[in-house]
Every structure is written in C-alpha cells, then in structure tokens.
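The primary structure of each chain is shown beneath.
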Amino acid sequence: MTETTGTEAGLRELLASRIRDVPDYPQPGVVFKDITPLLADPAAFSALTDALVERCTALGASKVAGLEARGFILAAPVAVRAGVGFVPIRKAGKLPGEVFAQSYELEYGSAVMEVQQGAFEPGERVLLVDDVLATGGTAGAALELLRRAGAVPVGLSVLLELGFLGGRERLGGHLDGVELDALLTT
Ligand SMILES: O=P(O)(O)OC[C@H]1O[C@H](OP(=O)(O)OP(=O)(O)O)[C@H](O)[C@@H]1O
Ligand SMILES: Nc1ncnc2[nH]cnc12
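Quick notes on the rules
- Residues numbered from 1 in each chain as written.
- Chains lettered and ligands numbered in written order.
- Predicted model: local features only at pLDDT ≥ 70, side-chain atom pairs only at ≥ 80, totals over all residues.
- Heavy atoms only, no water.
- Helix = DSSP H or I, 4+ residues; strand = E, 2+ residues; numbered from the N terminus.
- Rg over C-alpha atoms; globule rule 2.2 N^0.38 Å.
- Contact = heavy atoms within 4.5 Å.
- Areas by Shrake-Rupley, 256 points an atom, 1.4 Å probe, with all protein chains shown as cover.
- Lys, Arg positive; Asp, Glu negative; His and termini not counted.
- Charge placed at Lys NZ, Arg CZ, Asp CG, Glu CD.
- Near = heavy atom within 4 Å.
- Polar contact = N/O pair within 3.5 Å; in protein donor to acceptor, adjacent residues only side chain to side chain.
- Nonpolar A, V, L, I, M, F, W, Y, C, P; charged D, E, K, R; others polar.
- Phe/Tyr/Trp six-rings, centres within 6.5 Å; stacked < 30°, edge-to-face > 60°.
- Buried < 20%, exposed > 50% of the residue type's maximum accessible area, 1.4 Å probe, protein only.
- Axes fitted to C-alpha atoms, helices over the stretch in contact; angles between N-to-C directions.
- Parallel < 35°, antiparallel > 145°, perpendicular 65-115°, else oblique.
- Left-handed = near helix turned anticlockwise from the far one by under 90°.
- Salt bridge = Lys/Arg side-chain N within 4 Å of Asp/Glu carboxyl O.
- Pairing = 2+ DSSP bridges.

From N to C terminus, the protein includes six helices and nine strands. In summary, the protein has a C-alpha radius of gyration of 16 Å against a globular reference of 16 Å for 186 residues, a match within 12%. Considering only C-alpha atoms, the protein reaches an extent of 45 × 40 × 30 Å along its principal axes. Long-range contacts, defined here as pairs at least 24 residues apart, represent 63% of the contacts in the protein between residues at least 6 apart. Carbon and sulfur atoms make up 52% of the accessible area of the protein, which amounts to about 8,600 Å² in all. Positive and negative side-chain charges in the protein, numbering 16 and 24 respectively, have mean positions lying 2 Å apart.

If you want it as structure tokens, here you go:
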C-alpha cells in the first residue's frame, strides 16, 4: 500500500476523489457515478483491488463473480490477485451453452442477466463484485442467480453504495448469509 492508502480513511478519500458525478446521464434526474477516472489511475485501481482481495480471502471465497460490464473490470483483477477463478454474469444472449437467466429492474430500465450452468461446484463460496449498488435490483437478481447455479454467495462487495436509493434495505432476504460491504457510501 502507498502512504495515501495506508489507512482506511486514506483509501476512501483516494477512491472518492476518482469518481466523477455526471448529472442527467443516461437520463434526466440520474446523477451517474463515473468510475473511469479511478480505472485510469493505477494506484487507485490497485488499492481498490487490494481491498477487495482482502474481503475475498477473509470470506474464504473460491470464486469471484463479476457483473457485466463495469463489474467485470473490478472483479477480474480481484480473482487473479486472490488466486481464485472468475465467473462472468452477463447480459442476455452473450454466454454459450446452457445458462440460468434472471430478469431485473434498474434505476433506469430493466434487463436479463445470465450465468453458465456448471460455472460453480455445488456449495462453492462466491464473492460477488460490482461497482455500484443503487436500487439493489441487479445485485438481488445476481445473488439469486448464483444460488440457482448451486453456489453459496458469501459476500457482495461494491465500490459505491447509493444509500439514498435504499438498495441495501430492498435486498432484504437476498442478503441471507451474504456480507454486504461498500467501500464508499453516498
Ligand atoms: O442497484 P441497481 O439499481 O440494480 O444498479 C446497479 C447496477 O447498475 C449499473 O450497471 P448497468 O446495468 O448500468 O450496466 P453496465 O455495467 O454495463 O454499465 C451498475 O454497474 C450496477 O451493476
Ligand atoms: N447513478 C448511477 N451511477 C452509476 N451507475 C449506476 N447504476 C445504477 N445507478 C447508477
């Protein structure tokens, strides 16, 4: 860790400084949290990855699942550094072979996500990683998808929780046995 990220507060300050607010994107009334400045800063991206690897190891997860698309970017390096496998949860129609599918609602629309059948050993402990927890629709659907695929989701780690949207509360029972951890909360 660098001097700036040596403390939890330092890490949070660094990460928060690399997230840009974009008003009225992708539609009026939404303040979009743009993580591209963070991704472009190797020190910040690396510090974020280290923090998520710590969670993965502490939870004893043997797979990291990432949500398309921004979740992929954060989750893949965590899996590599933690020495565990990565499993993509993709938007509909992108994965070959048999899949489990789940529809879900977003802050700005609705969609279907899929995971490949056979991606997990039965009972395998999984850490789910995403960039933003907003309404919780995406994460809730992904947790159910992991369970349907035979995995045991033990952690949900996000970079940023939009607390005012109530996603944590709405996740409710989806979080049974799952430790939800947000590095930043607005
Ligand atoms: O808590 P929720 O209200 O469900 O919203 C959070 C989700 O929304 C964003 O993904 P988006 O579907 O915009 O896709 P992207 O990563 O492909 O940009 C974000 O990356 C989360 O996955
Ligand atoms: N406001 C927001 N900014 C970035 N990603 C999001 N996903 C859902 N809501 C979002």
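Let us look at the site of ligand 1. Contacts to ligand 1 come from 17 residues, most closely from D130, D131, T135, G136 and T138. At a separation of 3.0 Å, an oxygen atom of ligand 1 approaches a polar backbone atom of A69. In this structure, A134 approaches ligand 1 through a main-chain N or O atom, which is 2.8 Å from an oxygen atom. Within the complex, the protein chains bury 88% of what would otherwise be the 510 Å² of accessible surface of ligand 1. Among the elements of the structure, β5 (99–106), β7 (125–133) and α5 (137–148) are those that each provide at least two residues to the shell around ligand 1. Examining the composition of the shell around ligand 1, we find that four residues originate from one element, β7, more than from any other. Residues belonging to the shell around ligand 1 are distributed by class as follows: six nonpolar, four polar and seven charged.

Turning our attention to the packing of aromatic side chains. Taken as a whole and judged by the stated rule, the model has two aromatic pairs. Consider the rings of Y25 and F32, whose centres lie 5.1 Å apart with planes at 85 degrees: the pair is edge-to-face. Judged by relative accessible area, F32 falls into the buried class, the value being 15%. With 6.0 Å between their ring centres and 85 degrees between their planes, F72 and F86 make a pair best called edge-to-face. Placement of the pair is F72 in helix α4 (residues 70–82) and F86 in strand β4 (residues 85–91), with a sequence separation of 14 residues. The exposure class assigned to F86 is partly exposed, which follows from its relative accessible area of 31%.

The axes of two packed helices give the description: the angle between them and the distance between them. The interhelical angle for the contact between helix α3 (residues 42–59) and α4, taken along N-to-C directions, is 60 degrees, at an axis separation of 9 Å. When the axis of α3 is compared with that of α4, the two are oblique. Judged by the twist between their axes, the crossing of α3 over α4 is right-handed. For the pair α3 and α4, contact is made by F45, S46, L48, T49, D50, L52, V53 and C56 and by I73, L74, P77, V78, R81 and A82, respectively. Its residues assigned to classes, the contact of α3 with α4 shows 10 nonpolar, two polar and two charged.

Glancing now at the pattern of salt bridges. Pairs may arise between side chains of opposite charge once their charged atoms sit close together. Applying the stated rule across the entire model yields 12 salt bridges. In this structure, the salt-bridge partner of R147 is E144, at a minimum N-O distance of 2.8 Å. Of this pair, R147 and E144 both sit in helix α5, three residues apart, which is roughly one turn of that helix. Residue class for R147 comes out partly exposed when judged on its relative accessible area of 26%.

What follows is about the sheet that holds β5. Read from one edge of the open sheet, seven strands run β5-β6-β4-β3-β7-β8-β9, paired in mixed fashion. The open sheet terminates on both sides in strands that have one partner only, identified here as β5 and β9 (179–185). Direction aside, the axes of adjacent strands within the sheet are offset by 25 degrees on average. Here two bridges tie β4 to strand β6 (residues 109–116), and the two strands are oriented antiparallel to one another. Looking at the pairing, R90 lines up with E114 of β6. With respect to the sheet, helix α1 (residues 8–17) is in contact with β8 (152–161) and β9, its orientation differing from that of β9 by roughly 65 degrees.

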